[in-house]
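As a plain string of letters, each chain reads:
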Amino acid sequence: MGTVIVLKGGLAVGLSEMSVRNSKPKEELYFLKDDNGLFLEVWPNGRKTWRLRYWVGGKERKKTLGPYPLLSLKEARERRDEARKSLLNGIDPFSKAIAPAYVFDTLAMEWWQEHKKTLRSAKNIQTMEHRITAYIIPVFKGRDPQTITSHELLDMVEAIENKGKIETAHRTLDILRQIFRYILRKRLIDRNPAMDLRGLIEPRKQEHHPSLTEPRDIARLRDKIKGYSGGDTVRNAMLYSLYTFARPGEVRHAEWKEINWETKEWHIPAIKMKAGVKHIVPLSEQAILILEEQKKISFKNGNYIFPAVRSSDGKKTYSDATINKAFIRQMGYPPRTVTAHGFRSTASTRLNESGLWSIDAIEHQLAHSGNDRVRKAYNYAKYLPERRKMMQWYADYIDGLKA
């Protein structure tokens, strides 16, 4: 004999949109009942949530339908009525036992396999894949995309936001919009639920990487790096970053095969660059000396120039936090006053204020990303003679500063 499903309603109070809108939070959670099992939870923090009460096999069950006002009273009643129709036919509309014809996680990974072909940065690929597999897939695994609602997406993104990861919340929401756009184009859903979340999470915070721009402060930092006793590889990586002002991730993943000793150049492949375009860094005499010293202490068969200290074979990089921790713990800088990324702002400021170098040469050496990726791909070596002189001048300038 099959499971008996019974419908029972709450008290037929009959809520109005005005009564729902005007309901105020109290010290404790309380409920406003509509009819046929629909009721509104009003939380002490002001949050309001639609819930449905129903019975399966004599056991009471409750299901969240969505938050108010994202889900109006009218829309909540419509969802309740749809659920009741299924219950009348002996089907639990919220049962996970019903396998959907199209599964969200399968479709999401289909989109990802296609989308990542358009990405050139290995770091971007790794970061996006982590957000998909760590944040999105676990929440909606096995779900029919047609049943995924805007409020469920909001709950997921807010959970990330509540951890203080505002940028990650926005990036994850961007990925959700693209996934549902892909599913919509396959005609498997009627609308993109992620589009309803515009403006509902905290705005992005503009991040400015702290940097030192005063000559005496730069000189003090240079001396502290040269006197660093926490490990030769970390010290050399910091000095190399200071002289080349490449992005921290580019230095961290620098490999010996990218160094052209004859031309004294560091050729960074496109896949490692933020803009997805090959980049050339002319190496000053100071940078070459660092590499020669590092060659003596690095692993014979290691890939990376500056491997992790605890790497047994030199084939693993140090972590993102290693350099910044050195500034704080060993050099005594307060948190977020000096960072490896800040070396780029330091170089940009001093080079521009020197008046010796063209803005185009400076911008090309900083490898600032732009919209015209194709043009940049052909011009990665542009201004190279000027950039070579500029890089040597900058290294000499750094060494010549007095603290």
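Okay, so let's go over this structure. (Residues numbered from 1 in each chain as written. Predicted model: local features only at pLDDT ≥ 70, side-chain atom pairs only at ≥ 80, totals over all residues. Heavy atoms only, no water.)

1. Some details on the overall build of the chain
Moving on, step 1. When its secondary structure is counted, the chain shows 15 helices and eight strands.
Moving on, step 2. By residue count, 42% of the 403 residues in the chain fall in the buried class.
Moving on, step 3. For the chain, contacts bridging at least 24 residues in sequence account for 59% of all contacts bridging at least 6.
Moving on, step 4. Surface summary for the chain: the accessible area is close to 22300 Å², and the carbon and sulfur share equals 50%. (Helix = DSSP H or I, 4+ residues; strand = E, 2+ residues; numbered from the N terminus. Buried < 20%, exposed > 50% of the residue type's maximum accessible area, 1.4 Å probe, protein only. Contact = heavy atoms within 4.5 Å. Areas by Shrake-Rupley, 256 points an atom, 1.4 Å probe, with all protein chains shown as cover.)

2. Considerations on the packing of aromatic side chains
Moving on, step 1. Considering all chains together, one arrives at 13 aromatic pairs under this definition.
Moving on, step 2. A centroid spacing of 5.6 Å and a plane angle of 75° characterise the contact between Phe-31 and Phe-39, whose relative ring orientation is edge-to-face.
Moving on, step 3. Given the relative accessible area of 8%, Phe-39 is considered buried.
Moving on, step 4. Seen in terms of ring centroids, Phe-327 and Phe-343 are 6.0 Å apart; in terms of plane orientation they differ by 75°. Their pairing is edge-to-face. With Phe-327 in helix H11 (residues 321-330) and Phe-343 in helix H12 (residues 342-354), this residue pair connects regions lying 16 residues apart in the sequence.
Moving on, step 5. What links up through ring pairs into an aromatic cluster is the set Phe-245, Trp-357, Trp-393, Tyr-394 and Tyr-397.
Moving on, step 6. For the cation-ring pair, Lys-224 lies above Tyr-333, with the distance from its terminal atom to the ring centre recorded as 4.5 Å.
Moving on, step 7. Above the ring of Trp-256, the side-chain terminus of Lys-295 is found at 4.2 Å from the ring centroid. (Phe/Tyr/Trp six-rings, centres within 6.5 Å; stacked < 30°, edge-to-face > 60°. Lys NZ or Arg CZ within 6 Å of the ring centre and 35° of its normal.)

3. Topic: the sheet that holds strand S8 (residues 279-282)
Moving on, step 1. Strand order across the open sheet formed by three strands is S6-S7-S8, with antiparallel pairing between neighbours. On the outer flanks of this sheet lie strand S6 (259-260) and S8, each paired with one strand and no other. (Pairing = 2+ DSSP bridges.)

4. Brief notes about unusual backbone geometry
Moving on, step 1. Here the amide bond leading from Tyr-68 into Pro-69 is cis, since omega sits at 10°, within 30 degrees of zero.
Moving on, step 2. At Arg-187, a residue that is not glycine, the phi angle is positive and equals roughly 65°.
Moving on, step 3. Given a relative accessible area of 71%, Arg-187 falls into the exposed group.
Moving on, step 4. Although it is not a glycine, Lys-264 sits at a positive phi angle of roughly 55°.
Moving on, step 5. Summarising the element assignment, Lys-264 is placed in the loop between S6 and strand S7 (265-268).

5. Digging into the environment of Leu-197
Moving on, step 1. Within the secondary structure layout, Leu-197 lies in the loop between helix H6 (166-185) and helix H7 (215-226).
Moving on, step 2. Setting aside anything within four residues of it in sequence, one finds Leu-197 in contact with Ser-150, Leu-153, Leu-154, Val-157 and Leu-173.

6. Section: the nonpolar core
Moving on, step 1. Core analysis: the largest hydrophobic core is formed by 52 residues, its most contacted members being Leu-221, Met-238, Tyr-240, Trp-266, Leu-283 and Phe-327.
Moving on, step 2. At the level of elements, H7, helix H8 (232-244), S7, helix H10 (285-297), H11, H12, helix H13 (359-366) and helix H15 (384-400) are the ones that each hand at least two residues to this core.
Moving on, step 3. Looking at which element gives the most residues to this core, the answer is H8, with seven residues.
Moving on, step 4. Non-local contacts of Phe-327, meaning those with residues more than four positions away in its chain, are made with Leu-221, Met-238, Gly-332, Tyr-333, Val-338, Thr-339, Ala-340 and Phe-343.
Moving on, step 5. By size, the runner-up hydrophobic cluster in this structure holds 29 residues, among which are Phe-140, Ile-179, Leu-188 and Ala-194. (Core = buried A, V, L, I, M, F, W, Y, C linked by side-chain atoms within 4.5 Å.)

7. Overview of the pairing of strand S5 (residues 59-68)
It is a general feature of regular strands that their side chains alternate between the two faces of the sheet.
Moving on, step 1. As paired strands, strand S4 (residues 48-56) and S5 are joined by nine bridges and run antiparallel to one another. Bridge pairing in S5 links Val-56 to Lys-59.

8. Comments concerning a nonpolar patch on the surface
Moving on, step 1. A surface patch of nonpolar side chains, about 260 Å² in accessible area, is lined by Leu-29, Phe-31 and Trp-43.
Moving on, step 2. Looking at the secondary structure, you find Leu-29 in the loop between helix H1 (17-22) and strand S2 (30-33). (Patch = residues over 30% accessible without salt bridge, like charges linked within 9 Å, V, L, I, M, F, W, Y side chains within 5 Å. Salt bridge = Lys/Arg side-chain N within 4 Å of Asp/Glu carboxyl O.)

9. Comments concerning helix H4 (residues 122-140)
Along an α-helix, a turn takes 3.6 residues, which lines up residues three or four apart on a common side.
Moving on, step 1. Relative to the 27 Å expected for 19 residues at 1.5 Å per residue, H4 spans 26 Å between its end C-alpha atoms, a close match to the ideal helical length.
Moving on, step 2. Residue Thr-133 marks the point of greatest curvature in H4, where the axis turns by about 30°.
Moving on, step 3. Of the positions making up H4, those classed as buried are Met-128, Arg-131, Ile-132, Tyr-135, Ile-136, Ile-137 and Phe-140.
Moving on, step 4. On its buried face, H4 is in contact with helix H3 (104-115), helix H5 (150-161) and H6.
Moving on, step 5. Remark: Gly-142 follows H4 within two positions and exhibits a positive phi of approximately 80°. (Expected span 1.5 Å × (residues − 1). Bend = angle between axes of the 7 residues up to and from the residue.)

10. Notes on H6
Moving on, step 1. Here H6 is 20 residues long and its end C-alpha atoms lie 29 Å apart, about the 28 Å a rise of 1.5 Å per residue gives.
Moving on, step 2. Every buried residue belonging to H6 is among Ile-166, Thr-168, Ala-169, His-170, Thr-172, Leu-173, Ile-175, Leu-176, Arg-177, Ile-179, Phe-180 and Ile-183, and all of these are buried.
Moving on, step 3. Of the surrounding secondary structure, the elements contacted by the buried residues of H6 are H3, H4 and H5.
Moving on, step 4. Phi turns positive one or two residues past the end of H6, at Arg-187, with a value near 65°.

11. Some words on the packing of H7 against H8
Moving on, step 1. One way to put it is that H7 packs onto H8 with a least axis distance of 9 Å and a crossing angle of 150°. The orientation of H7 with respect to H8, classified from their angle, is roughly antiparallel. Packed against H7, whose contacting residues are Arg-222, Ile-225 and Lys-226, the element H8 presents Arg-235, Met-238, Leu-239, Leu-242 and Tyr-243 at the interface.
Moving on, step 2. Residue composition of the contact of H7 with H8, grouped by class: five nonpolar, no polar and three charged. (Axes fitted to C-alpha atoms, helices over the stretch in contact; angles between N-to-C directions. Parallel < 35°, antiparallel > 145°, perpendicular 65-115°, else oblique. Nonpolar A, V, L, I, M, F, W, Y, C, P; charged D, E, K, R; others polar.)

12. Looking at the pairing of S8
Moving on, step 1. On S8, burial covers both faces: His-279 and Val-281 on one face and Ile-280 and Pro-282 on the other are all buried.
Moving on, step 2. Inspection of the sheet shows S7 paired to S8 by four bridges, in the antiparallel sense. Paired with Glu-265 across the bridge in S8 is Pro-282.

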